[in-house]
Amino acid sequence: MEKWDQRFMELTEQVAGWSSCLRRHVGAVIVRDKRVMTTGYNGAPAGIASCAERGECLREKLGIPSGTRAELCYAAHAEQNAIIQAARYGINVGGATLYCTHQPCVICAKMIINAGIARVVYKEGYPDEFSLKLFKEAGTRLEKYEDL
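Residues numbered from 1 in each chain as written. Predicted model: local features only at pLDDT ≥ 70, side-chain atom pairs only at ≥ 80, totals over all residues. Heavy atoms only, no water.

Can you tell me about the overall build of the protein chain, naming the residues and giving the values?
A count of helical and extended segments in the protein chain gives six helices and five strands. When the helices and strands of the protein chain are placed in sequence order, the string is α-β-β-α-α-α-β-α-β-α-β. Relative to the compact-globule value of 15 Å for 148 residues, the protein chain shows a C-alpha radius of gyration of 15 Å, a close match. For the protein chain, the spread of C-alpha atoms along the principal axes amounts to about 40 × 30 × 30 Å. Across the 148 residues in the protein chain, those meeting the buried criterion constitute 41%. Contacts in the protein chain between residues at least 24 apart in sequence constitute 55% of all its contacts with a sequence separation of at least 6. In the form shown here, the protein chain has an accessible surface area of approximately 8000 Å², with 50% of it arising from carbon and sulfur atoms. Across the protein chain, 19 positive and 17 negative side-chain charges occur, with their mean positions spaced 4 Å apart. (Helix = DSSP H or I, 4+ residues; strand = E, 2+ residues; numbered from the N terminus. Rg over C-alpha atoms; globule rule 2.2 N^0.38 Å. Buried < 20%, exposed > 50% of the residue type's maximum accessible area, 1.4 Å probe, protein only. Contact = heavy atoms within 4.5 Å. Areas by Shrake-Rupley, 256 points an atom, 1.4 Å probe, with all protein chains shown as cover. Lys, Arg positive; Asp, Glu negative; His and termini not counted. Charge placed at Lys NZ, Arg CZ, Asp CG, Glu CD.)

Can you tell me about the pattern of salt bridges, naming the residues and giving the values?
Per the stated rule, a full pass over the model turns up seven salt bridges. In this structure, glutamate 71 and arginine 69 form a salt bridge, with 2.6 Å as the shortest nitrogen-oxygen distance. Under the relative-accessibility criterion, arginine 69 is labelled partly exposed at 47%. For arginine 119, the salt bridge identified is with glutamate 143, shortest N-O distance 3.0 Å. In this pair, arginine 119 sits in strand 4 (residues 119–124) while glutamate 143 sits in strand 5 (residues 141–144), placing the two residues 24 residues apart along the sequence. Classification of arginine 119 as buried rests on a relative accessible area of 12%. When salt bridges that share partners are traced, they join Asp5, Arg119, Arg141 and Glu143 into one network. (Salt bridge = Lys/Arg side-chain N within 4 Å of Asp/Glu carboxyl O.)

Next up, the structure:
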């Protein structure tokens, strides 16, 4: 890991603080050539009330375990929001590195692979082994960040 990895991982923690999720705060930063291209955090889409605004977590209310049934949540994932922001503003993320506070789920893994992101650096694990398999098969570098 390089010193830049530490700086970008620190930024993911700051971005995660913007999350409106009651269960888990996740931040993502897409970087190419040591320049931040986009950021994302987990939260409800524009115009949709977040769990924080509703005062309850839908997943907790329904008893949905972590790592399953991602579609039953008001929030879009941090990685998804970072990729969506790139698409919205015409930013090419091909060959970039995505830094994330947590290991991406399988849905995010598919988006990361199709966006052409070459490397993913994450800090915390996530119970989704299938995403690891997809990253390996696609040749996307996946690295667990260890504090320096």
